[in-house]
Amino acid sequence: MRTESDFTISSINESVFYKEFTFNRNNFALQKGQNNELSDNVVLLDEIKIIIEIKERNADKANNDVNKWFENKVILKSKKQIKKTVSFFENNDEIFIQNRKKQRIKIPKSRNKDLHKVIIYDVKEQLSEKNRNRKFYKSRDIGYIHIFKLVDYYWVCKYLITPAELNEYLIFREKFITIYQSILNELKEQYLLSHFIATDSDFTIKKEYTNILNKINREATNFDIYDLINYFTDKINIENPETNYSYLFKEICKLKRTELKYFKERYYNSIQSVNNNENNFYRFVAERTNCGFVFLCLNSKSYSKGWNKKFSNFTELYKYRHKLEKCVGIVFYKNIENLMNIDFCYFENEWEYDTELEKIAKEDNKKNGESKIVKLKRYSNK
C-alpha cells in the first residue's frame, strides 16, 4: 500500500530528476504469471542510479514502540528490499517498468557498486537519540545504505537542484561515511550538505562550513529547464528516425546549475538572434560530462536545403577540436511560415585523430578564433 511519504518522495524526485527518469510503479514480471517488485522509488539517468526505500509510521495505528518500528521497518525491512532490488538489477537485463510519465522503460543491468542505496523515513513520534541521528547502515552484502529523515531529504533536494548535484552529494556522503563512521551520527545533515557545497575534495571537518547554506544562490529560475524540455517535447523536428530528443534531453539533465545557466543563456540568445534575422553561433563544453553544445542561428537567407549538412559538420568539428566524447548541436531558424523551428544532431564516439578534420579545425581557428573552455564554479554565492 502506497503512503503519503511515497507520493512526497516521488514528487521531490520528479522535480529534481524529471518524470522520464523517476519510477514509482515498480512491479514487473520476468516470466509469465510472475509479480516481482523493486524498491518503492527508483531513479535512473544513465550513470545516475538511485534505489530508494520509503517508510512512514502511522502513530494512530502503531502497536509497538517507535524504536522497535525503526529497527524492524526502517532498517531491517528496507535493507532486505534494497538487497532484493540490487539482485534484480545485477542479474537481469529484461526488466521493464513504467516511469512517472507513464512510459514503459527497459532497465539496464547494473552492478551494486554503481547504485546508490537510500532509505527515507517519516515519523512524528520521538525516536531515541541514537536512531534519530542515524545516517547510514552498513550491509555485509551490499555495502553502505544512506538513511535520511524525510525533512532532511526534502531540504537536500531544495539546495541540490539538478540530478548531477544530488548524485555527487551521495558519492561525497558515502566517502564521508567511510572516513567518519564512528562520529558521523553526531553531525547534522545540514553540516554535511554545507561541507559538500564548500568543497567535495577536502574531507576535514571545519566549523566555517556551517554557514555555507545561507550564502548559496538557490534562485531556481536561473537553472530551471522545464520550459525548454516542454518545448523540445512538443516542437523539435526529428527527421532521422534513429535519433530521439531524449539524447538531447539527457545531456541537458546531466548538467549542474552553473552549466545549466550557460546553456539557458545561449539557448535564449539563439532565439533572439533568429528573431533579429541574424546569423550567429554559440558554443560551450561541459567538461564534467565531456559533452559539447553548439548553438547555430540561421537567418532567412542562410536557411536553405543544404543547411542541415553544414550544421552537422559544424557540430562534429567542435567535438573534434576539443577531443570530446559527445557533442549536441542545436539549430534555430524560422520556416517559410515564419515560425521558430529547432532541430538537433548528436554525436557520440571515441575521439580519434583525423587528418581532414585537423586541417579544417586549424582553418576555423584562423577565421573564428580559438574557442576556449571556461572553468565554471561548482556553486555561486548570492
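Going by the structure above, here's the rest.
(A) Region of interest: a nonpolar patch on the surface. A cluster of nonpolar side chains, V151, Y154 and W155, forms an exposed patch at the surface whose accessible area comes to about 280 Å². Relative to the assigned elements, W155 resides in helix α4 (residues 150-159).

(B) Broad picture of the pattern of salt bridges. Inspection of every chain in the model, using the stated rule, returns 18 salt bridges. Taking the shortest distance from any N to any O, the salt bridge between K55 and E53 comes out at 3.0 Å. Assessed through its relative accessible area of 5%, E53 is described here as buried. Residues K206 and D202 are paired through a salt bridge, measuring 3.2 Å at the closest nitrogen-oxygen approach. For D202, a relative accessible area of 24% translates into the label partly exposed. When salt bridges with common partners are traced through the structure, they connect D46, E47, K250, E251, K254 and K326 into a single cluster.

(C) A look at the state of the cysteines. For the structure shown, the criterion picks out zero disulfides. Unpaired in terms of disulfides, C345 finds its nearest cysteine sulfur in C327, a separation of 7.5 Å. A relative accessible area of 13% means that C345 is categorised as buried.

(D) Highlighting helix α5 (residues 163-179). Its 17 residues give α5 an end-to-end C-alpha distance of 25 Å, which sits within 8% of 24 Å, the value for a rise of 1.5 Å per residue. Among the residues of α5, those classed as buried are P163, A164, E165, L166, N167, E168, Y169, L170, F172, R173, F176 and I177.

(E) Structural view of the packing of aromatic side chains. Within the structure shown, the criterion is met by 21 aromatic pairs. For the ring pair W155 and Y159, a centre distance of 6.4 Å and an interplane angle of 45 degrees mean the geometry is tilted. Residue W155 and its partner Y159 are both found in helix α4; the two are separated by four residues, about one turn of the helix. Its relative accessible area of 12% is what places Y159 among the buried residues. Ring centres of Y320 and W351 lie 5.1 Å apart, and the angle between their planes is 25 degrees; on these two criteria the pair is classed as stacked. Highlighted residues: Y320 in helix α10 (residues 307-321) and W351 in the loop between β14 (340-348) and α11 (355-368), separated in sequence by 31 residues. For W351, a relative accessible area of 28% translates into the label partly exposed. Clustering of aromatic rings is evident, with ring pairs tying together Y262, F263, Y267, Y268, F284, F293, F295 and F332. In this structure, K323 packs its charged tip against the face of W351, placed 5.0 Å from the ring centre.

(F) Quick peek at empty space enclosed by the protein. Tallied over the entire structure, the rule returns one cavity of 30 Å³ or more. The computed volume of the largest cavity comes to approximately 30 Å³. Lining the largest cavity are R283, F314, L317, Y318, R321 and D364. Looking at the lining of the largest cavity element by element, the count peaks at four residues for α10.

(G) Focus on the sheet that holds strand β11 (residues 280-286). Spatial ordering of the open sheet is given by β11-β12-β13-β14, a layout of four strands whose pairing is mixed. Because the sheet does not close on itself, it has two edges, and the strands there are β11 and β14. When the angles between neighbouring strand axes are averaged without regard to direction, this sheet yields 15 degrees. Note that strand β13 (residues 326-334) and β14 share nine bridges and pair antiparallel. Note that in β14 the partner of K334 across the bridge is M340.

(H) Examining the side chain of N112 more closely. Along the chain, N112 falls in the loop between β7 (104-107) and β8 (116-122). Engagement of the side chain of N112 in a polar contact is seen with the side chain of K117, the distance being 2.9 Å. Among all residues touching N112, those that are not within four sequence positions of it are V86, E90, K117, D141 and I142.

(I) Highlighting the nonpolar core. Judged by nonpolar contacts, the single largest core of 40 residues is most densely connected at F148, L160, Y169, F176, L193 and I197. Of all elements in the fold, only β4 (41-45), β5 (48-56), β8, β10 (143-149), α4, α5, α6 (189-198) and α8 (245-253) reach the threshold of two or more residues within this core. The biggest single contributor to this core is α5, with six residues. Formed by 27 residues, the second largest nonpolar core is a distinct cluster that contains I51, V66, I95 and I145.

(J) Quick look at a negative patch on the surface. Taken together, the side chains of E316, E325, E348, E350, E352, D354 and E356 define an acidic patch exposed on the protein surface. Structurally, E316 is set in helix α10.

(K) Representation of the packing of α4 against α6 in the model. Interaxial distance between α4 and α6 falls to 10 Å at its minimum, and their mutual angle equals 20 degrees. By the angle between their axes, α4 is roughly parallel relative to α6. Helix-helix and strand crossings are classified by hand; for α4 and α6 the assignment is right-handed. Where α4 abuts α6, its residues D152, W155, V156 and Y159 lie against E189, Q190 and L193. Among the residues making up the contact of α4 with α6, the classes are represented as four nonpolar, one polar and two charged.

(L) Seen up close, the side chain of N131. Mapped onto the elements of the fold, N131 is located in helix α3 (residues 129-132). Setting aside residues up to four positions removed in sequence, N131 forms contacts with N67, F70, E71 and Y121.

What counts, and at which threshold
Residues numbered from 1 in each chain as written. Predicted model: local features only at pLDDT ≥ 70, side-chain atom pairs only at ≥ 80, totals over all residues. Heavy atoms only, no water. Patch = residues over 30% accessible without salt bridge, like charges linked within 9 Å, V, L, I, M, F, W, Y side chains within 5 Å. Areas by Shrake-Rupley, 256 points an atom, 1.4 Å probe, with all protein chains shown as cover. Salt bridge = Lys/Arg side-chain N within 4 Å of Asp/Glu carboxyl O. Helix = DSSP H or I, 4+ residues; strand = E, 2+ residues; numbered from the N terminus. Buried < 20%, exposed > 50% of the residue type's maximum accessible area, 1.4 Å probe, protein only. Disulfide = S-S within 2.5 Å. Expected span 1.5 Å × (residues − 1). Phe/Tyr/Trp six-rings, centres within 6.5 Å; stacked < 30°, edge-to-face > 60°. Lys NZ or Arg CZ within 6 Å of the ring centre and 35° of its normal. 1 Å grid on protein atoms, 1.4 Å probe; cavity = no way out; pocket = protein on both sides within 12 Å on 5 of 7 lines; lining within 4 Å. Points joined across faces, edges and corners; volume = space filled by probe spheres on them. Pairing = 2+ DSSP bridges. Axes fitted to C-alpha atoms, helices over the stretch in contact; angles between N-to-C directions. Polar contact = N/O pair within 3.5 Å; in protein donor to acceptor, adjacent residues only side chain to side chain. Contact = heavy atoms within 4.5 Å. Core = buried A, V, L, I, M, F, W, Y, C linked by side-chain atoms within 4.5 Å. Lys, Arg positive; Asp, Glu negative; His and termini not counted. Charge placed at Lys NZ, Arg CZ, Asp CG, Glu CD. Parallel < 35°, antiparallel > 145°, perpendicular 65-115°, else oblique. Left-handed = near helix turned anticlockwise from the far one by under 90°. Nonpolar A, V, L, I, M, F, W, Y, C, P; charged D, E, K, R; others polar.

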